[in-house]
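# Secondary and tertiary structure notes
Residues per chain are reported as follows:
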Amino acid sequence: MMIYILNYIKMYKNGDIILVKFPFSNLENFKLRPALIIWDYKNDYIILAISSNGKNWINYEVDNKDLSAWELLIKSFIKINKITSIEKSIIYSKIATTEKNFLKKVKEKFIDKIL
């Protein structure tokens with residue numbers, strides 16, 4: 001309940017890396033993982049999962065220079081093909097903010113590979 005109240009007053013924006021329960025494809029299970037907000041609208045966000053698994057051709061590597069006020073402990077990748085919509089109330093916390101140019105590159109890869 002406390003997380004819900006705190007998140008209700010927090011504002012998240014495009015380019016923020018958040019910690020969230022990210023659903024699996026079957027929508028029955030989830031994994032607590034970081035995710036990148038690529039679009040926000042009122043209380044909903046479109047997010048991409050972040051993982052240390054870079055085996056997929058559609059991933060986009062995250063480098064420490066792409067982040068402000070945070071450093072990665074392990075090599076991580078934006079999973080361009082793992083996209084979902086969530087509401088603000090299920091976000092646990094903000095982890096970092098990406099540089100504007102990085103978000104632009106991720107969106108370009110998303111458009112190129114998905115759309």
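Just so it is clear, the model here is predicted, and its values are computed rather than measured.

Bringing the sheet that holds strand E3 (residues 44–51) into the picture now. Reading across from one edge, E4-E6-E3-E2-E1-E7-E5 is the order of the seven strands in this open sheet, with antiparallel pairing throughout. The sheet is open, and its two edges are formed by strand E4 (59–62) and strand E5 (67–68), each paired on a single side. Sheet analysis places E3 next to strand E6 (residues 76–87), joined by eight bridges and oriented antiparallel. In the sheet register, Ile-50 faces E6, and the bridge partner there is Ile-78. Its contacts with the sheet place helix H2 (residues 100–114) against strand E2 (30–41), E3, E4, E6 and strand E7 (91–98), and it is angled at close to 85 degrees to E6.

As for its placement among the helices and strands, Thr-97 is situated in strand E7. Note on Thr-97: relative accessible area 16%, which makes it buried. In this structure the side chain of Thr-97 is engaged in a polar contact, spanning 3.1 Å, whose partner is the side chain of Lys-94. Every residue in contact with Thr-97, bar those within four places of it in the chain, is listed here: Lys-13, Gly-15, Asp-16, Asp-66, Leu-67 and Ser-68.

In this structure, Leu-36, Leu-48, Ile-78, Ile-80 and Val-106 are the most contacted members of the largest nonpolar core, which totals 16 residues. The set of elements that each furnish at least two residues to this core consists of E2, E3, E6 and H2. No other element matches the four residues that H2 contributes to this core. Those residues in contact with Leu-48, other than ones at most four positions away along the chain, are Phe-22, Ala-35, Leu-36, Ile-38, Ile-78, Lys-79, Ile-80, Lys-82, Ile-83, Val-106 and Phe-110. Core analysis: the next-biggest nonpolar cluster, separate from the first, contains eleven residues, Phe-22, Ala-35, Ile-47 and Ile-86 among them.

Tracing the sequence through the fold places Lys-79 in strand E6. Among all residues touching Lys-79, those that are not within four sequence positions of it are Leu-48, Ala-49, Ser-51, Asn-53 and Asn-59.

Detailed reading of the predicted coordinates is not advisable wherever pLDDT falls low. On average, the protein scores 83 in pLDDT, and the residues at 70 or more come to 90%. Least confident of the elements in the protein is helix H1 (residues 2–9), whose mean pLDDT is 49; most confident is E3, at 92. When the criterion is pLDDT under 50, residues 4–8 qualifies, and its contacts beyond four places in sequence or with other chains add up to seven contacts.

Note that strand E1 (residues 16–23) and E7 share five bridges and pair antiparallel. Among the inter-strand pairings, Asp-16 is bridged to a residue of E7, identified as Thr-97. Looking at chain direction, E1 and E2 are connected through seven bridges and run antiparallel. Across the sheet, Lys-21 pairs through a bridge with Leu-32, a residue of E2. Following E1, the chain reverses through six residues before pairing antiparallel with E2; Leu-27 in that reversal takes a positive phi of roughly 60 degrees.

Parameters at a glance
- Residues numbered from 1 in each chain as written.
- Predicted model: local features only at pLDDT ≥ 70, side-chain atom pairs only at ≥ 80, totals over all residues.
- Heavy atoms only, no water.
- Pairing = 2+ DSSP bridges.
- Helix = DSSP H or I, 4+ residues; strand = E, 2+ residues; numbered from the N terminus.
- Contact = heavy atoms within 4.5 Å.
- Axes fitted to C-alpha atoms, helices over the stretch in contact; angles between N-to-C directions.
- Buried < 20%, exposed > 50% of the residue type's maximum accessible area, 1.4 Å probe, protein only.
- Polar contact = N/O pair within 3.5 Å; in protein donor to acceptor, adjacent residues only side chain to side chain.
- Core = buried A, V, L, I, M, F, W, Y, C linked by side-chain atoms within 4.5 Å.
- pLDDT = per-residue confidence, 0-100.

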